[in-house]
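# Structural characterization, general
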Amino acid sequence: MTAAAELRSLTCDACGAGQSLRGGGRIAAHLCLYCGATLEAAEAFRAMRPRKGDGPPDRERQARDWPKTPFEIGQTGEIGGVEVTIIGVIGRKMAYDGKVWRWTEHQLYSPTHGYAWLSWEENRIVFTRKSRVPPKPFRIGYIDIGKSESRPSAFHLGRRYSYYDSGWSEIEFAAGSFNFIPTRGDRSHAANLLGARRMLTYRIYDDRPEVEWELSEALDRDAVFKSFGLDPATAPPKRGVHPLEPFERSPALADLRNMAIGFAIVALVAAVIAPRIDLQRIAAADWRPNAEGASITMTVTDADRLVELEIETDVSNAWVEVELEVEDQAGEPVFAVERVIEYYYGYDDGNWTEGSRVDSVYFRVPEPGVYTAFATVGESGVWRGSFTPERLRLSAREGVGSPWPLVIAAALFALTGFGLIGQRILHVTRRWSGSDWSDD
Amino acid sequence: MAPRLVMFACFAAATALAFYMSYYGVFGESGDVARSLREGSVGGPGFGGRVK
């Protein structure tokens, strides 16, 4: 135990402000909350001469530069079931390509679990702790990243991480107690590698040779706010997707996804089966067009379902008009239609065909009974070779259904299910969208 | 549990409705036949415009 473990309050001998000292026995320094003077534990918390970049203690500057954060030093909350206290605040800045990013880090202290960090960045809360277990590779620095031809990756505690971004950041502001001595202008390089839920950071300082490893994860902001006695309703809105933000889906949406995909499969299978239930041929006739005409007599027993009239010709590299008329038992016409049947084939860098020798007409009769279908061949034309219509086959089936309602239902269900899967893919894409890696 | 049952019932009802429509061939009628029936005309180029 050092003095810091026992000392509970102190007076800044630079500005005379009294303040609490928190943070247990490994506190290396306390930076005055009011004037920024560095009070080192090794010097019995007396104000030392300003370190590089710090400048003289300055109350105005300290108040003006205090970084944006909803948290205050001294607040206590629970993270992962462990009670922690905020003992220090650091404002960090990263500048690159004319842009500047700022975020706030809070040093946390737990009497049982030691020190960790809680960051407030992009209106989100990220929890970071140092790891003593070395990842593979042991070190990834800015030189390694610059030389790498493919996206660097690492393994740590059985998890894989891929390079996300990197850069130098510097301390702009510090106040409170810390287990190291923060100084304005201190720079460190962070190489961030992103995993499924966590980020692995290789941190290198510009004045020290060693590398530190940190593991970060996003915390549920509302839960942390409540735990630290803050009102979640006062939190500023989140924008975009943070790389550490896990994909969250309610159990109801997961049920919706599973059911939508399950019922899409059921509807597709039913689309094959339903139109064929009770399907039966009711008439068929072969016919040569040189005769007067062709007709078939159909006895339709179910007027609620469709009747299919199929026309098959021997058309070859030609087209032919077929006129169809259906009459009821009294000889009254029910409907009449005309179809052009055409079929072509040839060879052009491989065999090809176009059109079909078969066409179908689907209709519903007004009532069960006997109906007669007439077919007449009209004009015809030849594309290649010679063709004379010789043979035409007319057949009818009743009890015909249509797969389309079930196909449409299956498509809508699948759209719902895969849309929800796509939501996750979109989230992952957005998580990685801020990566500065380029394969070029 | 209740939302899951409601969701299942909705999917089952929609599938049953689609099955019914498929069985009876809703939307399956040929367009030209439907037009011919709607207009009461059996007249095509080869039929001299006879009216039912």
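### A short note on the overall build of chain B
Looking only at helices and strands, chain B features two helices and zero strands. If you sum the accessible surface of chain B, you get close to 3,200 Å²; carbon and sulfur atoms cover 68% of it.

### Section: the pairing of strand 21 (residues 351-355) of chain A
All names here are of chain A. Burial analysis of strand 21 places just zero of its five residues in the buried class, a small minority of the element. Relative to strand 21, strand 20 (residues 333-347) runs antiparallel, the two sharing five bridges. The partner of Tyr347 across the bridge, within strand 21, is Asn351. Linkage of strand 20 to strand 21, two consecutive antiparallel strands, is achieved through a turn of three residues, within which Asp349 is found at a positive phi near 55°.

### Here we look at the state of the cysteines
All names here are of chain A. In this structure the tally under the stated criterion is zero disulfides over all chains. Left without a disulfide partner, Cys12 is nearest to the cysteine sulfur of Cys35, which lies 3.7 Å away. Here Cys32 stays free of any disulfide, with the sulfur of Cys35 as its closest cysteine sulfur at 3.6 Å.

### Focus: the interface of chain B and chain A
The interface is formed by 29 residues belonging to chain B together with 39 residues belonging to chain A. When the two sides are added together, the surface that chain B and chain A hide from each other amounts to roughly 3,100 Å², 67% of it contributed by carbon and sulfur. Summed over the shared surface of chain B and chain A, the number is two salt bridges. The interface formed by chain B and chain A holds 10 residue pairs in polar contact (both at pLDDT 80 or more) in total. Of all elements in the fold, only helix 1 (2-23) and helix 2 (31-39) of chain B reach the threshold of two or more residues within the side of chain B that touches chain A. Considering each element in turn, the side of chain B that touches chain A owes the most residues, 12 residues, to helix 1 of chain B.

### Some points on the side chain of A:Glu308
All names here are of chain A. One can find Glu308 in strand 18 (residues 306-313). Exposure remark for Glu308: the relative accessible area of 4% places this residue in the buried category. Polar contacts involving the side chain of Glu308 include one to the side chain of Ser360, which spans 2.8 Å. Looking at Glu308, its side chain comes within polar contact range of the side chain of Arg397, at 2.6 Å. Among residues more than four places away in sequence, those in contact with Glu308 are Ser360, Val361, Tyr362, Ser395, Ala396, Arg397 and Val400.

### Quick look at the confidence of the model for chain B
Residue and element names in this part refer to chain B. Considering every residue of chain B, the mean pLDDT works out to 76; 69% of them sit at 70 or more. Below pLDDT 50 for its whole length, residues 42-52 participates in 27 contacts with residues either more than four positions away or in separate chains. Reported for the predicted complex are a pTM of 0.66 and an ipTM of 0.75.

### Regarding the sheet that holds strand 18 of chain A
All names here are of chain A. What the four strands build is an open sheet, ordered 16-24-18-22; its pairing is antiparallel. Two strands in the sheet have a free side with no partner beyond their single neighbour: strand 16 (280-287) and strand 22 (358-363). Geometrically, the sheet is characterised by an average inter-axis angle of 15° between neighbouring strands, direction not taken into account. Pairing between strand 16 and strand 24 (residues 392-400): seven bridges, direction antiparallel.

### Description of unusual backbone geometry
Residues and elements named next belong to chain A. Backbone torsion omega between Lys136 and Pro137 reads 0°, so that peptide bond is classified as cis. With respect to the secondary-structure elements, Pro137 resides in the loop between strand 10 (124-131) and helix 3 (142-147). A positive phi angle, near 50°, is found at Glu122, a position not held by glycine. One non-glycine residue with positive phi stands out, namely Asp278, at about 60°. For Asp278, the location among the structural elements is in the loop between helix 5 (251-273) and strand 16.

### Concerning helix 6 (residues 404-432) of chain A
Across its 29 residues, helix 6 of chain A extends 40 Å between first and last C-alpha, which sits within 8% of the 42 Å expected from 1.5 Å per residue. Buried within helix 6 of chain A are the following residues: A:Pro405, A:Leu406, A:Ala409, A:Ala410, A:Phe413, A:Gly417, A:Leu420, A:His427 and A:Arg431. At its buried positions, helix 6 of chain A is contacted by strand 12 (159-178), strand 13 (187-194) and helix 5 of chain A together with helix 1 of chain B.

### Focus: the pairing of strand 13 of chain A
Residues and elements named next belong to chain A. Judged by how many residues are buried, strand 13 sits mostly within the fold: seven of eight residues are covered. Judged from the eight bridges that link them, strand 12 and strand 13 form a sheet pairing that is antiparallel. Following the sheet pairing, Asp165 is matched in strand 13 by Asn192. Relative to strand 14 (residues 198-205), strand 13 runs antiparallel, the two sharing seven bridges.

### Concerning the environment of A:Gly355
Residue and element names in this part refer to chain A. In this fold, Gly355 is placed in strand 21. For the pair Gly355 and Ala318, spaced 37 residues apart in sequence, the C-alpha separation works out to 10.0 Å. Setting aside chain neighbours within four positions, we find Gly355 in contact with Glu342 and Tyr343.

### Description of the nonpolar core
Within soluble globular proteins, side chains that are nonpolar tend to cluster in buried spots. Counting residues in hydrophobic clusters, the biggest one holds 32 residues, and the most contacted among them are A:Met298, A:Leu309, A:Val326 and A:Phe363. For A:Phe363, the contacting residues outside a window of four places in its chain are A:Met298, A:Arg305, A:Leu306, A:Val307, A:Leu309, A:Val326, A:Phe335, B:Glu29 and B:Val33. By size, the runner-up hydrophobic cluster in this structure holds 21 residues, among which are A:Val84, A:Ile86, A:Trp120 and A:Phe127.

### Describing the sheet that holds strand 17 (residues 294-300) of chain A
Residue and element names in this part refer to chain A. The five strands lie next to each other as 17-23-19-20-21, forming an open sheet whose pairing is antiparallel. Because the sheet does not close on itself, it has two edges, and the strands there are strand 17 and strand 21. Within this sheet the neighbouring strands show an average axis-to-axis angle of 20°, counted without direction. Two strands pair when backbone bridges link them, and strand 19 (residues 318-327) and strand 23 (residues 369-382) are joined in this way by nine bridges, in the antiparallel orientation. Note that in strand 23 the partner of Glu327 across the bridge is Thr372.

### What about the packing of helix 6 of chain A against helix 1 of chain B?
Contact pair helix 6 of chain A / helix 1 of chain B: the axes reach a minimum separation of 7 Å and the direction vectors enclose 155°. Considering the angle they form, helix 6 of chain A stands roughly antiparallel to helix 1 of chain B. On the side of helix 6 of chain A, the interface is formed by A:Trp404, A:Pro405, A:Leu406, A:Ala409 and A:Phe413, while helix 1 of chain B contributes B:Phe11, B:Ala14, B:Thr15, B:Ala18, B:Phe19, B:Met21 and B:Ser22. In terms of residue class, the contact of helix 6 of chain A with helix 1 of chain B is made up of 10 nonpolar, two polar and no charged.

About the criteria used
Residues numbered from 1 in each chain as written. Chains lettered and ligands numbered in written order. Predicted model: local features only at pLDDT ≥ 70, side-chain atom pairs only at ≥ 80, totals over all residues. Heavy atoms only, no water. Helix = DSSP H or I, 4+ residues; strand = E, 2+ residues; numbered from the N terminus. Areas by Shrake-Rupley, 256 points an atom, 1.4 Å probe, with all protein chains shown as cover. Buried < 20%, exposed > 50% of the residue type's maximum accessible area, 1.4 Å probe, protein only. Pairing = 2+ DSSP bridges. Disulfide = S-S within 2.5 Å. Contact = heavy atoms within 4.5 Å. Buried area = accessible area lost by both parts, 1.4 Å probe. Salt bridge = Lys/Arg side-chain N within 4 Å of Asp/Glu carboxyl O. Polar contact = N/O pair within 3.5 Å; in protein donor to acceptor, adjacent residues only side chain to side chain. pLDDT = per-residue confidence, 0-100. Axes fitted to C-alpha atoms, helices over the stretch in contact; angles between N-to-C directions. Expected span 1.5 Å × (residues − 1). Core = buried A, V, L, I, M, F, W, Y, C linked by side-chain atoms within 4.5 Å. Parallel < 35°, antiparallel > 145°, perpendicular 65-115°, else oblique. Nonpolar A, V, L, I, M, F, W, Y, C, P; charged D, E, K, R; others polar.

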